[in-house]
Amino acid sequence: VQLQASGGGLVQAGGSLRLSCAASGRTFSRYAVGWFRQAPGKEREFVAGLRRPNSIYYADSVKGRFTISTDNAKNTVFLQMNSLKHEDTAVYYCAAVAGAIYSSLPREEIYHYWGQGTQVTVSS
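Not measured: the values here are computed from a predicted model. (Residues numbered from 1 in each chain as written. Predicted model: local features only at pLDDT ≥ 70, side-chain atom pairs only at ≥ 80, totals over all residues. Heavy atoms only, no water.)

**Student:** Before we go on, may I ask you to explain the state of the cysteines in this structure?
**Tutor:** Disulfide: a covalent bond connecting the sulfur atoms of a pair of cysteines. In the structure shown here, the tally under the stated rule is 1 disulfide. Put simply, C21 and C94 are joined by a disulfide, and their sulfur atoms are 2.2 Å apart. Sign of the S-S torsion, about 75 degrees for the bond between C21 and C94, identifies this disulfide as right-handed. With C21 in strand β3 (residues 17-23) and C94 in strand β9 (residues 90-97), this residue pair connects regions lying 73 residues apart in the sequence. Pair check on accessibility: C21 and C94 agree, each one buried. (Disulfide = S-S within 2.5 Å. Helix = DSSP H or I, 4+ residues; strand = E, 2+ residues; numbered from the N terminus. Buried < 20%, exposed > 50% of the residue type's maximum accessible area, 1.4 Å probe, protein only.)

**Student:** How do you make sense of the sheet that holds strand β7 (residues 66-71) when you look at a structure like this?
**Tutor:** Backbone hydrogen bonds hold the strands of a sheet together, and the pairing may be parallel or antiparallel. Across the sheet, 4 strands lie side by side as β1-β3-β8-β7; this open sheet has antiparallel pairing. Single-partner strands in this sheet number two, and they are β1 (3-6) and β7. Taking each pair of neighbouring strands and ignoring which way they run, the sheet shows an average axis angle of 15 degrees. Relative to strand β8 (residues 76-81), β7 runs antiparallel, the two being bridged by 6 bridges. By the bridge assignment for β8, S69 is matched with F78. (Pairing = 2+ DSSP bridges. Axes fitted to C-alpha atoms, helices over the stretch in contact; angles between N-to-C directions.)

**Student:** Mind showing me how you'd approach the pairing of β9 here?
**Tutor:** Along any regular strand, the residues point their side chains to alternate faces of the sheet. In terms of burial, β9 is largely enclosed, as 7 of its 8 residues are buried. The sheet contact formed by strand β4 (residues 32-38) and β9 spans 7 bridges and is antiparallel. Note on β9: the bridge partner recorded for V33 is A96. Both β9 and strand β11 (residues 118-123) contribute to a ladder of 3 bridges, which runs antiparallel. By the bridge assignment for β11, V91 is matched with Q119. Direction of pairing for β9 relative to strand β10 (residues 113-114): antiparallel, over a ladder of 2 bridges. Each residue of the ladder has a partner; that of A95, found in β10, is W114.

Dropping the structure here:
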């Protein structure tokens with residue numbers, strides 16, 4: 001599976017962005033998908049995860065502001081980010097694994113496939 005993350009950019013605080021994670025492979029709709037981010041000087045952290053078909057896990061820091069959705073026909077998972085804050089500034093990565101239990105979604109070590117990252121910058 002190859003992952004392509006896109007949709008990042010520069011946005012003002014309070015604004016919105018939608019990230020996309022497009023995948024190759026016909027069985028992607030069965031994969032668990034995670035979104036992670038890494039801010040400058042910080043470790044990579046979990047943002048949100050999806051265990052198919054629709055069990056979703058959000059980090060407390062984004063709960064109520066970010067939403068995962070899917071377009072299985074296009075092999076794409078989205079991360080809608082609303083009410084963005086300066087502290088959301090980071091490189092965002094999507095990752096995937098063929099099988100995962102819900103409680104393991106925040107653990108980056110379970111993911112076998114990673115996209116290249118897309119930069120999100122939120123100006124305050």
